[in-house]
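Here is how the chains run, residue by residue.
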2 protein chains.
Amino acid sequence: MTLKPVGVVHSPIKEPSLVARTGDLNWEDEAPPASHADYRTSEIIIHPEYTDLLHGVEDFSHLLVLYWAHKVDAEGRRLTKVHPMGRKDLPLVGVFGTCSPARPNPILVIPVKILERKGRTLRVTGLDAVDGSPVIDIKPYLPSYYSVPDARLSDWMNQLLEEMGRG
Amino acid sequence: MTLKPVGVVHSPIKEPSLVARTGDLNWEDEAPPASHADYRTSEIIIHPEYTDLLHGVEDFSHLLVLYWAHKVDAEGRRLTKVHPMGRKDLPLVGVFGTCSPARPNPILVIPVKILERKGRTLRVTGLDAVDGSPVIDIKPYLPSYYSVPDARLSDWMNQLLEEMGRG
């Protein structure tokens, strides 16, 4: 299973805040997580050979973007349990129970809002990808498939999201 | 960017309904799409070396599953524009504007509800994967990240979902 990059992210976010180091996650940004909640505008530049695949995406208000967390190294892909957001006061949990970018297959998924499409450039909000992240896929966002507004979370996740203003 | 399978899907769905052939999508199931809306129970069997990564997933009601559409061949990965669901009466649109399993990187994303976890086996509903699909990733489903209930769709998609009883 080999991925072909179909595009690249241009973002004001230049470095990841959360880094896998010494067998756990570490928050390496001076700003607290909450300040990342207001996502800025990013661009997705699709590689020329995939331009035709974009035909019609602008008829949707939102797209689901899959991208590769390219700053995660081999050590990050081997992590087993982590402290969510590098917070040692939260329980140590399995990587599949966290949003850690460091995971066996560092593919991140996020819905974005389309502001504008110009040729093979999409201007979007809501994209949390670091500048230079390879884009793997773009899909239309379908509420009837992807929205589960009443999904129940773990206690530590509820606490974390509340602290970040996203509870 | 090389993926490692972290598990496999056991499903009553034995063959894909939608197949890439002769440069377009074709619906190859005798049953109409609507009958697939009531998803059956599936199992996700995580490979033994990834068991520890599941620690804590059962504290969430829903997980986001990423899997590889392994029945998509090289021709399917080269499709550019398709008729959604193989329906020649709908407009020809770019693959990134459709849910086609045939796409450059055939990774499908779906929220599932956990019924039970037993060791490295998750029993779930909502998983639309074909039996034998390699699992690529499992994440907790966070409504505040993944739910966009009011996202706007294209006209043809609204028509299709309405016909399938998922409008």
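Okay, so let's go over this structure. (Residues numbered from 1 in each chain as written. Chains lettered and ligands numbered in written order. Predicted model: local features only at pLDDT ≥ 70, side-chain atom pairs only at ≥ 80, totals over all residues. Heavy atoms only, no water.)

## Side note on the nonpolar core
What counts is decided by this rule: Put simply, buried Ala, Val, Leu, Ile, Met, Phe, Trp, Tyr and Cys residues joined by side-chain atoms within 4.5 Å make one nonpolar core. Note on classification: 1.4 Å probe, protein chains only; a residue is buried when its accessible area is under 20% of the maximum for its type, exposed when over 50%, partly exposed between these limits. Here, residues are in contact when the closest pair of their heavy atoms is within 4.5 Å.
Membership of the largest hydrophobic core comes to 108 residues, with the highest contact counts inside it found for Ile107 and Leu127 of chain A together with Ile107 and Leu127 of chain B. Beyond its immediate stretch of four places on either side in the chain, leucine 127 of chain B contacts Val9, Ile13, Ser42, Ile44, Val65, Tyr67, Ile110 and Val112 of chain B.

## A short note on the relation of the copies chain B and chain A
So the rule is basically this: All copies are superposed by least squares; the fitting set is the C-alpha atoms of residues with a pLDDT of at least 70 in both.
Superposing chain B onto chain A takes a rotation of 180° combined with a translation of 0.0 Å along the rotation axis, leaving an RMSD of 0.0 Å. The transformation just described matches what one would write down for a two-fold rotation axis. By residue overlap, the copies meet face to face through one surface: 100% of the interface positions of chain B are interface positions in chain A.

## Things to note about the sheet that holds strand β1 (residues 7–10) of chain B
All names here are of chain B. Spelled out, the test is: By definition, two strands form a pair when at least two bridges between them are found by DSSP. Segments assigned H or I by DSSP are reported as helices when at least four residues long, segments assigned E as strands when at least two residues long, and all are numbered from the N terminus. Inter-axis angles, ranging from 0 to 180 degrees, are taken between N-to-C directions of lines fitted to C-alpha atoms, where helices are fitted over the stretch in contact.
The six strands lie next to each other as β1-β4-β9-β8-β5-β10, forming a closed barrel whose pairing is antiparallel. Sheet twist, expressed as the average angle between the axes of neighbouring strands with direction ignored, equals 45°. Direction of pairing for β1 relative to strand β4 (residues 41–46): antiparallel, over a ladder of four bridges. Note that in β4 the partner of glycine 7 across the bridge is isoleucine 46.

## As for unusual backbone geometry
Its identity is not glycine, yet methionine 85 of chain A carries a phi of approximately 55°, on the positive side. Topologically, methionine 85 of chain A is positioned in the loop between β6 (81–82) and β7 (93–94).

## Observations regarding the environment of alanine 74 of chain B
If you trace the backbone, alanine 74 of chain B turns up in helix α1 (residues 74–77). By relative accessible area, which is 48% here, alanine 74 of chain B ends up partly exposed.

## With respect to the interface of chain B and chain A
In plain terms, the rule: Reported buried area values correspond to the accessible surface (1.4 Å probe) lost by two parts on association, with both partners' losses combined. By definition here, a salt bridge exists when the distance from a side-chain nitrogen of Lys or Arg to a carboxyl oxygen of Asp or Glu is within 4 Å. Side-chain atoms alone can form a polar contact between residues adjacent in sequence; in general such a contact is a pair of N or O atoms within 3.5 Å, and within protein one must be able to donate a hydrogen while the other accepts it. Each residue gets one label: Ala, Val, Leu, Ile, Met, Phe, Trp, Tyr, Cys and Pro are nonpolar, Asp, Glu, Lys and Arg are charged, and the others, such as Gly, are polar.
Each partner contributes to the interface: chain B provides 65 residues, whereas chain A provides 65 residues. Buried surface at the junction of chain B and chain A, both sides included, amounts to about 6300 Å², of which 64% is carbon and sulfur. Per-residue buried area on chain B facing chain A is highest for Met1, Phe96 and Tyr145 of chain B; these three make up 15% of the total on that side. A salt bridge links arginine 103 of chain B to aspartate 137 of chain A; the nearest nitrogen and oxygen atoms lie 2.8 Å apart. Applying the counting criterion to the chain B and chain A interface returns 30 residue pairs in polar contact (both at pLDDT 80 or more). Elements represented by at least two residues in the side of chain B that touches chain A include exactly β5 (62–68), β7 (93–94), β8 (107–118), β10 (134–140), α2 (143–146) and α3 (155–163) of chain B. Looking at which element gives the most residues to the side of chain B that touches chain A, the answer is β10 of chain B, with six residues. Its residues placed into classes, the side of chain B that touches chain A shows 43 nonpolar, twelve polar and ten charged.

## Side note on helix α3 (residues 155–163) of chain A
Put simply, the test is: Read the arc as the range of directions from the helix axis to the C-beta atoms.
Listed in full, the buried residues belonging to α3 of chain A are Trp156, Met157, Leu160 and Leu161 of chain A. Down the axis of α3 of chain A, the buried side of the element spans an arc of 130°, and every buried residue falls inside it. Facing away from the buried side of α3 of chain A, by more than 90 degrees, are the exposed residues Asp155 and Glu162 of chain A. Tucked into the core, α3 of chain A has its buried residues touching β7 of chain A together with β10 and α2 of chain B. Glycine 165 of chain A lies just past α3 of chain A and shows a positive phi near 75°.

## A closer look at the environment of histidine 55 of chain B
When you line up the elements, histidine 55 of chain B lands in the loop between β4 and β5. Contacts of histidine 55 of chain B, omitting those with residues within four sequence positions, involve Lys81, Leu92, Val93 and Gly94 of chain A together with Arg117 of chain B.

## Quick notes on the sheet that holds strand β8 (residues 107–118) of chain A
The six strands are arranged β1-β4-β9-β8-β5-β10 (chain A) in a closed barrel whose pairing can be described as antiparallel. In this sheet, neighbouring strand axes are inclined to one another by 45° on average, regardless of whether the strands run parallel or antiparallel.

## Remarks on the pattern of salt bridges
Residues and elements named next belong to chain A. Using the criterion set out here, one finds 20 salt bridges over all chains in the structure. A salt bridge links glutamate 15 to lysine 71; its shortest N-O distance comes to 3.5 Å. Remark: lysine 71 occurs in the loop between β5 (62–68) and α1 (74–77) and glutamate 15 occurs in the loop between β1 (7–10) and β2 (18–21); sequence separation between them is 56 residues. On the basis of relative accessible area, lysine 71 is assigned to the partly exposed category, the value being 42%. Put simply, Arg87, Asp89 and Glu163 are held in one network by salt bridges that share partners.

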